[in-house]
Amino acid sequence: MKSKTEAIIISSMNLGDADKLVSFFSLDRGMLKGVAKNARKSFKRFGAGLESFTLVRLHLYEREHQELVRLESSEIIEQHASIGCELGRAAAGAVMLELVREMSPLGERNAPAFLLLSHVLHLLDEGEEPLFLLSVFMIKFLSLLGYQPKLDHCLSCGTRPKGEAMFLGMKGGILCPSCMRSSEEPEIRLSAGAVGFYYHVLRMDMEKVSRLKPSHNIIRELDRAFAAHTFCILGKRLKSTDFLKTVCTI
Ligand SMILES: [Zn+2]
């Protein structure tokens, strides 16, 4: 069956002498993998349209019960070329792509998540601050996949903390100061500012999110909380966060 879809290229690697194995996040079918036959020889059919971060229109050929689709051709819609030209942008973008690849179920459409990734990559390409965008992406993406941590009330006593709270990665929620002592997990403290920023981002349209100006501390607190949260969901760390930490101060 032939089809076409908008997609964002997550990664592509050489396969045999002439082919490429490509992972992509598509508007119509979610996360998919495919083989681009002769991609390294046919500039006409693929050009630069299999590079990571690129928004493309892919022409696919699928057979039932086959996990790998066949890529017939790729047309570039938006290249996002400047992401790869600056280390901070490239590193933050790599974490986003890894998160999408690791967390999205294969073949499951999630149009809001696709549009979010497309919008965030556009802003990253335009020069918006990479760590801020990564934080925004994490908050909205995890929520769209149903993994939204609950930060508005204490997991133990149910009260709404006014000041600092402690995030529990294993439970995806917080403890208020009076319930903190009994926990045995390593402490990840979240200030009221970080919790406030989190809920602003959750509610806000992407068009307006750039108006928010969180402090570096807020970004750092949320980064630690989300690292613990994604570790609990995936059972492993995201590899690209190591690269991010070598090029950005978090
Ligand atoms: Zn409590």
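Numbers given for residues are sequential positions, taken from 1 along each chain in its written order. In view of the model being predicted, local features appear only for residues whose pLDDT reaches at least 70, and side-chain atom pairs are presented and counted only at 80 or more, with totals across whole chains, interfaces and linings using the full set of residues. Hydrogens are left out, water is left out, and the side-chain values use all remaining heavy atoms of the structure.

What to know about the pattern of salt bridges
Then step 1. Put simply, a salt bridge is a Lys or Arg side-chain nitrogen that is within 4 Å of an Asp or Glu carboxyl oxygen. Using the criterion set out here, one finds eleven salt bridges in the structure.
Then step 2. For Arg70, the salt bridge goes to Glu72, with nearest N and O atoms at 3.1 Å.
Then step 3. Relative accessibility decides the category of a residue: with a 1.4 Å probe and only protein chains considered, values under 20% of the type maximum give buried, values over 50% give exposed, and everything between is partly exposed. On the basis of relative accessible area, Arg70 is assigned to the partly exposed category, the value being 37%.
Then step 4. Taking the relative accessible area as the measure of exposure, Glu72 reaches 22% and is therefore partly exposed.
Then step 5. Where Glu164 meets Arg189, a salt bridge forms, and the shortest distance between an N and an O atom there is 2.9 Å. In this pair, Glu164 is assigned in the loop between β6 (150–154) and β7 (165–168) and Arg189 in strand β9 (residues 189–190), connecting sequence segments 25 residues apart.
Then step 6. Taking the relative accessible area as the measure of exposure, Glu164 reaches 38% and is therefore partly exposed.
Then step 7. Arg189 sits in the partly exposed class, given a relative accessible area of 33%. Note on conventions: DSSP H or I runs of at least 4 residues are helices, E runs of at least 2 residues are strands, and numbering of each starts at the N terminus.

Focus on the layout of surface pockets
Then step 1. The space that makes up the second largest pocket amounts to roughly 200 Å³.
Then step 2. Lining residues are defined by having an atom within 4 Å of a point belonging to a cavity or pocket. Those points lie on a 1 Å grid over the protein atoms alone, cavities being sets where a 1.4 Å probe fits but cannot get out and pockets being open sets with protein on both sides within 12 Å along at least five of seven lines. For the second largest pocket, the lining is made up of 17 residues, of which Leu151, Asp152, Arg160, Val195 and Tyr199 are closest to its centre.
Then step 3. Of all elements in the fold, only β6 and α5 (192–203) reach the threshold of two or more residues within the lining of the second largest pocket.
Then step 4. Under the scheme applied, nonpolar residues are Ala, Val, Leu, Ile, Met, Phe, Trp, Tyr, Cys and Pro; charged residues are Asp, Glu, Lys and Arg; polar residues are all the others, including Gly. Classifying every residue of the lining of the second largest pocket by side-chain character gives eight nonpolar, four polar and five charged. Grid points are joined across faces, edges and corners, and a volume is the space filled by probe spheres set on the points.

Points about the sheet that holds β9
Then step 1. Any two strands between which DSSP finds at least two bridges are classified as paired. Strand order in this open sheet of four strands is β6-β8-β7-β9, and the pairing throughout is mixed. Only two strands of the sheet have a single neighbouring strand rather than two, namely β6 and β9.
Then step 2. Residues count as neighbours in contact if any of their non-hydrogen atoms are within 4.5 Å of one another. Fitted lines through C-alpha atoms give the axes, limited to the stretch in contact for helices. The angle between two N-to-C directions lies from 0 to 180 degrees. With respect to the sheet, α5 is in contact with β6 and β9, its orientation differing from that of β6 by roughly 130 degrees.

Thoughts on the coordination of the zinc ion
Then step 1. Here the coordinating atoms are restricted to nitrogen, oxygen and sulfur within 2.8 Å of the metal centre, or 3.2 Å for Na, K and Ca, and because water is not among them the sites may look incomplete. Every protein donor of the zinc ion is accounted for by Cys154 (SG), Cys157 (SG), Cys176 (SG) and Cys179 (SG), and the metal-donor separations fall at 2.3 to 2.4 Å.
Then step 2. Considering all four donor atoms around the zinc ion, the spread of angles at the metal, 106 to 116 degrees, places the coordination shape in the tetrahedral class.
Then step 3. Between consecutive donor residues of the zinc ion, the sequence gaps follow C-x2-C-x18-C-x2-C. Here Cys157, found in the loop between β6 and β7, pairs with Cys176, found in the loop between β8 (173–175) and β9; they are 19 residues apart in sequence, far enough to count as distant.
Then step 4. On the basis of relative accessibility, which here comes to 41%, the residue Cys157 falls in the partly exposed class.
Then step 5. Taking relative accessible area as the criterion, Cys176 reaches 3% and is therefore assigned buried. Here the metal geometry follows the donor angles, with tetrahedral for four donors whose angles all fall between 85 and 135 degrees, square planar for four and octahedral for six when opposite donors are more than 155 degrees apart and every other angle is between 65 and 115, and irregular for all the rest.

Limitation: the analysis is restricted to geometry and does not speak to function.
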